[in-house]
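Topology and contacts: notes
Given next are the chains, with one letter for each unit.
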Amino acid sequence: MCGIVAYLGDRNAFEVIIKGLKRLEYRGYDSSGIALSADNQLKLYKKTGKVSELESFTNSEDLNGGTGIGHTRWATHGEPTDNNAHPHLSFDGTLGIIHNGIIENYASLKQELLNKGYEFKSDTDSEVVIHFIEDIRKNNNCKLDEAVRLALSKVIGAYAIVIIDRNDPSRLIAARKGSPLVIGVGKGEYFLASDATPIIEYTNEVVYLNDFEIAIVCREGLTLKNMEDVESSPYIQKIDMELDAIEKGGFKHFMLKEIFEQPKSIGDAMRGRLNAAEGQLALGGIRDYLNRLISADRIIVLACGTSWHAGLVAEYFFEEWCRIPVEVEYASEFRYRNPIIKEGDVIIAISQSGETADTLAAIELAKSKGAIIFGVVNAVGSSIPRATHVGAYIHAGPEIGVASTKAFTSQVTVLSMIAMIVSYKKGTISETSYHELLVELETIPEKVQIALGLDQRSQSIARSFMNATNFLYLGRGYNFPVALEGALKLKEISYIHAEGYPAAEMKHGPIALIDEEMPVVVIATNDSSYEKIISNIQEVKARKGKVIAIVTEGDEVIPRLADYVLEVPKTHEALMPLVSVIPLQLLSYYIADLRGCNVDQPRNLAKSVTVE
Ligand code: F6R
């Protein structure tokens, strides 16, 4: 939700920032803007639309200057207009701000400022903050960092902000609470951004700002202080991210690239952890609290969206292999209930971005009730791993397409490994079954590679259904969460209404929707509910629905019933979601692309949902 980039140094700030904003566009893309400090003025450029529109708009401008701030927006307060785009200037024009987050008490602060005669150019909560800082600086006659500290002590909400001062281009002030902010440390130069992707081509040394920290970024050095005005030294970390990982590498879209990366990303999730030949499986990150998981009376999974679907697959793993009851909760619902958490409960929080506000808030609530939290996260150094007690990164690498693909398969891979370890140590799984699972899991990257061979076939099926207005996705057992995931993928990128259902539930309602216009995707791989799913296909066909079936290779029955068939390699029933989801990702990608949709940046969505 909104991406921020700022630069201070000898390079051309505009170039660094515009490039950075393009990398962060997955976080928001309804408008963007840049403020540059040059010749004792703040030059401000803002434009509705994508970052490329800002770039064309500024084509003929003189864009010199080595200090600047930039923003790509996902609207929360106020429509996507030029005026509401960031940066926002203080009333006297001396200060500029970029902000990611939501200021909850902006209305009362705004009223106070209106009473004092301040005027506002936008409807945003962010503009209120910069006017407020200006007001405090004037009233207290203090330095900018002090004014920021005093102002933020009165601000309620979430923020990552960077402030530029027209009269002091040698300094930027940044602060964070609840929204991410990374500072790249170069030689005499600094890069500030919502994540490390705009930074890594310049430096791999970064400081992750913590909540309630203020950074004073000057050419001579970086100083941190907390809200009590106590200074601390920045902890500089080296990050391990390659530039290739954040570029399209010849694919038309990031989503397609990420779908095709899955043999590698699933392999990376297992690397150094699983060695089936030696019978070894270990996840160092969870070792400290493993006994809590082994003796858990109940596991509560907290997640949103696709990560929630991965959690549903994990429910089957933990219940079947470990015999531990599992509840999979939408973090957004859990946090607003008064959930019952008992001593023997363990929480597993799943998130790709590691920044989802609802998941973070649910974690904090569970922690306040004494729960132990395990994290399963992709983005290294993000907020969720810092809020959890222990965790395992999924190592999928940056996922830039807004629709999650490779993160899902890597989450399921890591969750399966955790459940395998727990069941083995608990003795709820036989030695033979455990070893069979290890061997089978190791073959998954290769099977996913084979499933990716369905690319052309998926594209041709997509052509037949690109104009459909509704889709139904059905699956049973392990493939039920896959049905939900397939439907989510389709609706978010192609804007076609789609619903996922447990196949047996169809007769309790959705069957009424079926007619000759209705495509029904049935995940019908050869598993313990194979016979039952054949009956479900027959029920759809009896009502003239069009069946697209995902089947196991060699199936001779379903191809005679279904209208279209996509064959995936055989694997263990429990691991099938890792393979059966592939054709669904491809199908939704091609339908969206054929419809001319913006696959990587679907309307109204953002990759990192840092608002409630
Ligand atoms: C779906 C999608 C979203 C996210 C959800 C949770 O393709 O991307 O549904 O899965 O917003 O995000 P994370 O996993 O970052 O917590």
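Analysis parameters
Residues numbered from 1 in each chain as written. Predicted model: local features only at pLDDT ≥ 70, side-chain atom pairs only at ≥ 80, totals over all residues. Heavy atoms only, no water. Helix = DSSP H or I, 4+ residues; strand = E, 2+ residues; numbered from the N terminus. Buried < 20%, exposed > 50% of the residue type's maximum accessible area, 1.4 Å probe, protein only. Contact = heavy atoms within 4.5 Å. Axes fitted to C-alpha atoms, helices over the stretch in contact; angles between N-to-C directions. Parallel < 35°, antiparallel > 145°, perpendicular 65-115°, else oblique. Left-handed = near helix turned anticlockwise from the far one by under 90°. Near = heavy atom within 4 Å. Polar contact = N/O pair within 3.5 Å; in protein donor to acceptor, adjacent residues only side chain to side chain. Areas by Shrake-Rupley, 256 points an atom, 1.4 Å probe, with all protein chains shown as cover. Nonpolar A, V, L, I, M, F, W, Y, C, P; charged D, E, K, R; others polar. Domains from an automatic or database assignment. 1 Å grid on protein atoms, 1.4 Å probe; cavity = no way out; pocket = protein on both sides within 12 Å on 5 of 7 lines; lining within 4 Å. Points joined across faces, edges and corners; volume = space filled by probe spheres on them. Core = buried A, V, L, I, M, F, W, Y, C linked by side-chain atoms within 4.5 Å. Buried area = accessible area lost by both parts, 1.4 Å probe. Salt bridge = Lys/Arg side-chain N within 4 Å of Asp/Glu carboxyl O.

Mapped onto the elements, P339 comes out in the loop between α10 (331-334) and β20 (345-351). On the basis of relative accessibility, which here comes to 6%, the residue P339 falls in the buried class. Remark: the alpha-carbon pair of P339 and G284, spanning 55 residues in sequence, is separated by 30 Å. The contact partners of P339, leaving out residues within four places of it in the chain, are F334, L365 and K369.

Direction vectors running N to C along helix α7 (residues 262-270) and helix α13 (residues 406-426) enclose 30°, while the axes themselves pass 9 Å from each other. One finds that α7 runs roughly parallel with respect to α13. Note on packing geometry: the crossing formed by α7 with α13 is right-handed. Side by side, α7 and α13 meet where Q262, S265, I266, A269 and M270 of the first sit next to K406, T409, S410, T413, V414 and M417 of the second.

This part covers the environment of Q459. Among the structural elements, Q459 can be located in helix α15 (residues 455-465). Along the backbone, Q459 and L8 are 451 residues apart, and their C-alpha atoms lie at a distance of 46 Å. Other than its neighbours up to four places away in sequence, Q459 contacts Y590 and L594.

Let us now look at the site of the ligand. If you check the shell around the ligand, you find 15 residues, and the closest are S307, S351, S353, T356 and E492. In this structure, T306 approaches the ligand through a main-chain N or O atom, which is 3.0 Å from an oxygen atom. Note that an oxygen atom of the ligand is positioned 2.6 Å from one of the side-chain N or O atoms of S307. Protein chains shield 90% of the accessible area of the ligand, which is 410 Å² for the free molecule. Broken down by secondary-structure element, the contributors of at least two residues to the shell around the ligand are α9 (305-322) and α16 (479-494). Tallied by class, the residues present in the shell around the ligand amount to five nonpolar, eight polar and two charged. A domain-level breakdown of the shell around the ligand finds at least three residues from each of domain 2 (253-442) and domain 3 (450-612).

It is worth spelling out the layout of surface pockets at this point. Size it by volume and the largest pocket reaches roughly 1,000 Å³. As for the largest pocket, its lining consists of 42 residues, of which M241, N378, V380, G397 and P398 are closest to the centre. At three residues, α7 tops the list of elements feeding residues into the lining of the largest pocket. Grouping the constituent residues of the lining of the largest pocket by class yields 15 nonpolar, eleven polar and 16 charged. Looking at which domains feed residues into the lining of the largest pocket, each of domain 1 (3-244) and domain 2 (253-442) supplies at least three.

Attention shifts here to the nonpolar core. Within the largest apolar cluster, 100 residues are counted, with the highest numbers of intra-cluster contacts made by W321, F471 and Y473. Sorting elements by how many residues they give to this core places helix α19 (residues 576-594) first, with twelve residues. Composition of this core by domain shows at least three residues from each of domain 2 (253-442) and domain 3 (450-612). The contact partners of W321, leaving out residues within four places of it in the chain, are Y316, S416, A419, M420, S423, T428, I429, L437, Y478 and A574. Listed in part, the 30 residues of the second largest apolar core include A13, L36, A196 and V206.

Glancing now at the domain arrangement of the protein chain. Under the domain assignment, the protein chain is made up of domain 1 (3-244), domain 2 (253-442) and domain 3 (450-612). Here the C-alpha centroids of domain 2 and domain 3 sit 24 Å apart. The interface is formed by 42 residues belonging to domain 2 together with 39 residues belonging to domain 3. Approximately 3,300 Å² of surface area, both sides summed, lies buried where domain 2 meets domain 3, with 68% of it carried by carbon and sulfur atoms. Among the residues of domain 2 in contact with domain 3, H253, Y316 and V402 are the three that bury the most area, contributing 19% of the side total. For the interface between domain 2 and domain 3, the tally reads zero salt bridges. Seen at the junction of domain 2 and domain 3, the total is twelve residue pairs in polar contact (both at pLDDT 80 or more). Elements with a minimum of two residues in the side of domain 2 that touches domain 3: α6 (254-260), α7, α9, α11 (357-368), α13 and α14 (431-451). Here the side of domain 2 that touches domain 3 gets ten residues from one element, more than from any other, and that element is α9. Across the side of domain 2 that touches domain 3, the residue classes tally to 22 nonpolar, 14 polar and six charged.

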